[in-house]
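Working through the structure, step by step
Listed below, chain by chain, are the residues.
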Amino acid sequence: MFFVPVDDIQYVEADGNYLWIYTGARRHLLSESIRSLEPRLPPAQFIRINRSYMINQYAIRRWSRISTGSIT
């Protein structure tokens, strides 16, 4: 068992009933749904961008739109 500081989380990726928590060079597997984690993360810091991803808006360095309207 280990603790990951919220500020270290760059993004969260859903993988079925599991989550991958990305913290720069490392990723951690969590047996939990993104729906159950979302209310426990600060809403001013984390943005749910679709069904499978939440991002730490403070970890964004740049973003751009591609021709389809998606964000990369």
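Computed from a prediction, not measured in an experiment: that's the story for all the values here. (Residues numbered from 1 in each chain as written. Predicted model: local features only at pLDDT ≥ 70, side-chain atom pairs only at ≥ 80, totals over all residues. Heavy atoms only, no water.)

The next subject is the layout of surface pockets. There is about 230 Å³ of room inside the second largest pocket. Phe-2, Val-4, Val-6, Ile-9, Ile-21, His-28, Leu-29, Leu-30, Glu-32, Leu-37, Arg-40 and Leu-41 together form the lining of the second largest pocket. A total of three residues in the lining of the second largest pocket trace back to one element, the largest contributor, which is strand S3 (residues 26–30). Across the lining of the second largest pocket, the residue classes tally to nine nonpolar, one polar and two charged. (1 Å grid on protein atoms, 1.4 Å probe; cavity = no way out; pocket = protein on both sides within 12 Å on 5 of 7 lines; lining within 4 Å. Points joined across faces, edges and corners; volume = space filled by probe spheres on them. Helix = DSSP H or I, 4+ residues; strand = E, 2+ residues; numbered from the N terminus. Nonpolar A, V, L, I, M, F, W, Y, C, P; charged D, E, K, R; others polar.)

For the rest of this paragraph, the subject is the pairing of strand S2 (residues 18–23). Counting buried positions over the six residues of S2 gives five, a clear majority of the element. One ladder, built from five bridges, connects strand S1 (residues 11–15) with S2; its direction is antiparallel. Within S2, the position partnered with Val-12 by the bridge is Ile-21. Connecting the antiparallel pair S1 and S2 is a turn made up of two residues, with Gly-16 showing a positive phi of about 70°. Inspection of the sheet shows S2 paired to S3 by five bridges, in the antiparallel sense. Note that in S3 the partner of Tyr-22 across the bridge is Arg-27. Hairpin connection between S2 and S3: a loop of two residues separates the two successive antiparallel strands, and Gly-24 in this loop has a positive phi of roughly 75°. (Buried < 20%, exposed > 50% of the residue type's maximum accessible area, 1.4 Å probe, protein only. Pairing = 2+ DSSP bridges.)

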